[in-house]
Amino acid sequence: LRLSLRGLRIGPTTVSCLGQQLKDRLYTRLDLTENMLGDHSALSLRSLIRALPNLRHLHVAGNLITAEGAQELAEELETNSTLEVFALGGVADAGQHGFAF
């Protein structure tokens with residue numbers, strides 16, 4: 001199952017609610033591209049990843065996630081064996097410490 005919430009101006013509160021509402025659903029692809037997610041959203045995104053055990057593709061490009069938020073998300077990915085594609089895209093203000101996922 002796929003769910004696209006692209007460009008809906010979603011923030012961390014909505015992502016937190018999504019984690020609760022979608023818990024254990026069979027979604028394999030989730031597109032949160034071009035929303036209002038920043039470093040403050042990393043904890044909510046981590047919870048969302050854990051809530052969707054079948055999630056294989058997560059797209060969050062075009063948000064305001066910097067290297068700091070990307071690092072926090074990378075920590076979640078270290079323990080996740082299901083997620084195959086994590087599309088972060090450009091990291092805002094990453095400078096020389098940019099990440100490629």
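Above: the structure in question.
Residues numbered from 1 in each chain as written. Predicted model: local features only at pLDDT ≥ 70, side-chain atom pairs only at ≥ 80, totals over all residues. Heavy atoms only, no water.

**Student:** Is there a simple way to think about the overall build of the chain in this case?
**Tutor:** Within the chain one finds three helices and four strands. The secondary structure elements of the chain, listed N-terminal to C-terminal, are β-α-β-α-β-α-β. Pairs at least 24 apart in sequence give 87% of the contacts found in the chain among residues at least 6 apart. Entry remark: accessible area of the chain is about 5,600 Å², with carbon and sulfur atoms responsible for 49%. (Helix = DSSP H or I, 4+ residues; strand = E, 2+ residues; numbered from the N terminus. Contact = heavy atoms within 4.5 Å. Areas by Shrake-Rupley, 256 points an atom, 1.4 Å probe, with all protein chains shown as cover.)

**Student:** Which parts of the structure should I look at to understand helix α2 (residues 42–51)?
**Tutor:** Along an α-helix, residues three or four apart share an orientation, since each turn contains 3.6 residues. A large share of α2 lies buried, amounting to seven of its 10 residues. Residues Ala42, Ser44, Leu45, Arg46, Leu48, Ile49 and Ala51 constitute the buried set of α2. The inward-facing, buried residues of α2 contact α1 (12–21), β2 (29–31), β3 (57–59) and α3 (67–78). (Buried < 20%, exposed > 50% of the residue type's maximum accessible area, 1.4 Å probe, protein only.)

**Student:** In this structure, what is going on with the pattern of salt bridges? I would like to understand it.
**Tutor:** Side-chain pairs of opposite charge can arise where the charged atoms are in close proximity. Under the counting rule described, the total for this entry stands at six salt bridges. A salt bridge links Glu34 to Arg6; its shortest N-O distance comes to 3.9 Å. Of the two residues, Glu34 is situated in the loop between β2 and α2 and Arg6 in the loop between β1 (2–4) and α1; the sequence distance between them amounts to 28 residues. Given the relative accessible area of 46%, Glu34 is considered partly exposed. (Salt bridge = Lys/Arg side-chain N within 4 Å of Asp/Glu carboxyl O.)

**Student:** Explain the sheet that holds β3 here, please?
**Tutor:** Adjacent strands of a sheet pair through backbone hydrogen bonds, lying either parallel or antiparallel. Taken together, the four strands give an open sheet; going across it, the order is β1-β2-β3-β4, and neighbouring strands pair in parallel fashion. Only two strands of the sheet have a single neighbouring strand rather than two, namely β1 and β4 (85–87). Direction aside, the axes of adjacent strands within the sheet are offset by 0° on average. Sheet analysis places β3 next to β4, joined by three bridges and oriented parallel. Note that in β4 the partner of His57 across the bridge is Val85. (Pairing = 2+ DSSP bridges. Axes fitted to C-alpha atoms, helices over the stretch in contact; angles between N-to-C directions.)

**Student:** Before we go on, may I ask you to explain the environment of Thr28 in this structure?
**Tutor:** Along the chain, the position of Thr28 falls in the loop between α1 and β2. For the pair Thr28 and Asn54, spaced 26 residues apart in the sequence, the C-alpha separation amounts to 5.4 Å. Once you skip the residues sitting within four places of it in the chain, Thr28 turns out to touch Leu1, Asn54, Leu55, Arg56 and His57.

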